[in-house]
Amino acid sequence: MKELNTDKLRIAIADQEIVRGLTLRVPRGEVHALMGPNGSGKSTLAKVLAGHPDYQVTGGKITMDGEDLLELEPDERARRGLFMAFQYPSEIPGVTIANFLRAALQSRLPEGEELEATDYYAKLYEKMELLGMDRSFTSRAVNEGFSGGEKKRTEILQLAMLEPKYAVLDETDSGLDIDALKTVAHGVNSLRGPNLGILLITHYQRLLNYIVPDHVHVMVAGRIVRSGRKELALELEERGYDWARDGAVEPAFR
Ligand code: ADP
Ligand code: MG
């Protein structure tokens, strides 16, 4: 099975259960949007996928291409091909994007293997071309004085360079201005393809005007209450999360 899979997943923090039996499958080659109101546990899920130590998994499992993810340290997960959008430090003064990405790629190589500078730059420029980014961008220091859009550009370029099997993008940031939004959308649309599964977490339907997902899931209070095709995002925008939650339970059982 080429998929990122959470099965009846339960997550608690400080003895409070946040994710309460979440089952979600993201196959390679598909874009799945995870939506839901604030506080429903979306970012908690993302953090646990990344291996954040503060959260306890109290039930269920997570597998990536059949392999138990919970057994792996965060850096091992990354090496196996899991990309998390927030996996880099927010600001690294003095370190250029080009050097930062080079170090990230180098760290993925087996010990003793050296990343050739010419190969690296060829790949970097190829990816920047694909993403329509200006080459001068990579001589900037990572996130130093960056706008929201520039931070997203770094993130998307990192995603392009690392060529993961699965990418989890938590775009709940309310500071996602139109430039950032378009950067994320253009990046995801350029990089989507048969080798990459994407879990796109967002509170806002607006992002899905630019990225048309294959599947949409609605999470409320730690559970998926509805799944559907792209139309579900539109229906949600029209009717709101209360509709999604209420509709999930047959009236007779409410
Ligand atoms: P979402 O991303 O869907 O808005 P979150 O996963 O951020 O939701 O939060 C879900 C719930 O978990 C919220 O009630 C939040 O207060 C709680 N929570 C998240 N992180 C922590 C934490 N580190 N400590 C205590 N409570 C937390
Ligand atoms: Mg969140």
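Located above this text is the structure these notes cover.
Residues numbered from 1 in each chain as written. Chains lettered and ligands numbered in written order. Predicted model: local features only at pLDDT ≥ 70, side-chain atom pairs only at ≥ 80, totals over all residues. Heavy atoms only, no water.

Enquirer: Please clarify how the overall build of the protein should be interpreted in this entry.
Expert: On a plain count of helices and strands, the protein comes out with 7 helices and 12 strands. Relative to the 2.2 N^0.38 estimate, which gives 18 Å for 254 residues, the radius of gyration of the protein is 19 Å and therefore close to what a compact globule would have. Oriented by its inertia axes, the alpha-carbon framework of the protein measures out at about 65 × 40 × 35 Å. Looking at the protein as a whole, 46% of its 254 residues are labelled buried. In the protein, the share of contacts with a sequence separation of at least 24, taken over all contacts with a separation of at least 6, comes to 68%. Counting 32 positive and 39 negative side-chain charges, the protein places the centres of these two groups 4 Å from one another. (Helix = DSSP H or I, 4+ residues; strand = E, 2+ residues; numbered from the N terminus. Rg over C-alpha atoms; globule rule 2.2 N^0.38 Å. Buried < 20%, exposed > 50% of the residue type's maximum accessible area, 1.4 Å probe, protein only. Contact = heavy atoms within 4.5 Å. Lys, Arg positive; Asp, Glu negative; His and termini not counted. Charge placed at Lys NZ, Arg CZ, Asp CG, Glu CD.)

Enquirer: So what exactly am I meant to see when it comes to empty space enclosed by the protein here?
Expert: Left-over empty space is what a probe sized like a water molecule reveals as it rolls over the atoms. Applying the stated criterion across every chain, the model contains 1 cavity of 30 Å³ or more. What lines the largest cavity is Leu4, Asn5, Thr6, Leu24, Val26, Leu49 and Leu199. Of all the elements in the fold, those that place two or more residues in the lining of the largest cavity are β1 (3-13) and β2 (16-27). Element by element, the count of residues in the lining of the largest cavity is highest for β1, at 3 residues. (1 Å grid on protein atoms, 1.4 Å probe; cavity = no way out; pocket = protein on both sides within 12 Å on 5 of 7 lines; lining within 4 Å. Points joined across faces, edges and corners; volume = space filled by probe spheres on them.)

Enquirer: Help me understand helix α3 (residues 97-108), please; the structure alone is not making it clear to me.
Expert: Spacing of three or four residues puts side chains on the same side of an α-helix, whose turn is 3.6 residues. Its 12 residues place the ends of α3 17 Å apart at the C-alpha level, agreeing with the 16 Å of an ideal helix rising 1.5 Å per residue. Inspection of α3 places Ile97, Ala98, Phe100, Leu101, Ala104 and Leu105 among the buried residues, and these make up the whole buried set. An end-on view of α3 places all buried positions within 165° of arc, on one side of the element. Those residues of α3 that are buried lie in contact with β7 (92-96), α4 (117-131), β8 (141-142) and α5 (148-162). (Expected span 1.5 Å × (residues − 1). Arc of directions from axis to C-beta.)

Enquirer: Would you mind going over the site of ligand 1 with me for this structure?
Expert: In the vicinity of ligand 1, the contacting residues are Ile13, Ile18, Pro37, Asn38, Gly39, Ser40, Gly41, Lys42, Ser43, Thr44 and Tyr55. Here an oxygen atom of ligand 1 and a side-chain polar atom of lysine 42 are 2.8 Å apart. In this structure, a nitrogen atom belonging to ligand 1 sits 3.2 Å away from a side-chain N or O atom of tyrosine 55. Here ligand 1, which alone exposes 560 Å², has 61% of that area covered by the protein. No other element matches helix α1 (residues 42-50), which puts 3 residues into the shell around ligand 1. Of the residues that constitute the shell around ligand 1, the class distribution is 4 nonpolar, 6 polar and 1 charged. (Near = heavy atom within 4 Å. Polar contact = N/O pair within 3.5 Å; in protein donor to acceptor, adjacent residues only side chain to side chain. Areas by Shrake-Rupley, 256 points an atom, 1.4 Å probe, with all protein chains shown as cover. Nonpolar A, V, L, I, M, F, W, Y, C, P; charged D, E, K, R; others polar.)

Enquirer: Help me understand the pattern of salt bridges in this model?
Expert: Side chains that differ in sign of charge can pair as their charged atoms come close. The full count for this structure, using the stated rule, is 16 salt bridges. Close ionic contact of lysine 8 with aspartate 7 constitutes a salt bridge, the shortest N to O distance being 3.8 Å. The exposed category is assigned to lysine 8, whose relative accessible area is 56%. Residue classification places aspartate 7 among the partly exposed residues on the basis of a relative accessible area of 25%. The shortest N-O distance in the salt bridge between glutamate 235 and arginine 239 comes to 3.9 Å. Here the residue glutamate 235 and the residue arginine 239 both occupy positions in helix α7 (residues 231-247), the gap between them amounting to 4 residues, near one helical turn. Residue glutamate 235 is classed as partly exposed on the basis of its relative accessible area of 31%. A single network of salt bridges, built from pairs that share partners, joins Glu67, Glu76 and Arg80. (Salt bridge = Lys/Arg side-chain N within 4 Å of Asp/Glu carboxyl O.)

Enquirer: Could you clarify how one ought to interpret the pairing of β1 in this entry?
Expert: Looking along a regular strand, one sees side chains alternate from face to face of the sheet. Both β1 and β2 contribute to a ladder of 9 bridges, which runs antiparallel. Bridging across to β2, isoleucine 13 finds its partner in glutamine 16. Following β1, the chain reverses through 2 residues before pairing antiparallel with β2; alanine 14 in that reversal takes a positive phi of roughly 45°. (Pairing = 2+ DSSP bridges.)

Enquirer: How do you make sense of the packing of aromatic side chains when you look at a structure like this?
Expert: Centre distance and the angle of the planes are the two values used to describe a pair of aromatic rings. Per the counting criterion, the structure on display carries 3 aromatic pairs. Summarising the aromatic geometry, the rings of tyrosine 121 and tyrosine 125 are spaced 5.9 Å apart at their centres and angled 40° between planes, so their arrangement reads as tilted. Separated by 4 residues within a single helix, tyrosine 121 and tyrosine 125 lie in helix α4, roughly one turn from each other. Against the face of tyrosine 125 rests arginine 135, its NZ or CZ located 3.9 Å from the ring centre. Directly above the aromatic system of tryptophan 243 lies the positively charged group of arginine 226, at a separation of 4.1 Å from the ring centroid. (Phe/Tyr/Trp six-rings, centres within 6.5 Å; stacked < 30°, edge-to-face > 60°. Lys NZ or Arg CZ within 6 Å of the ring centre and 35° of its normal.)

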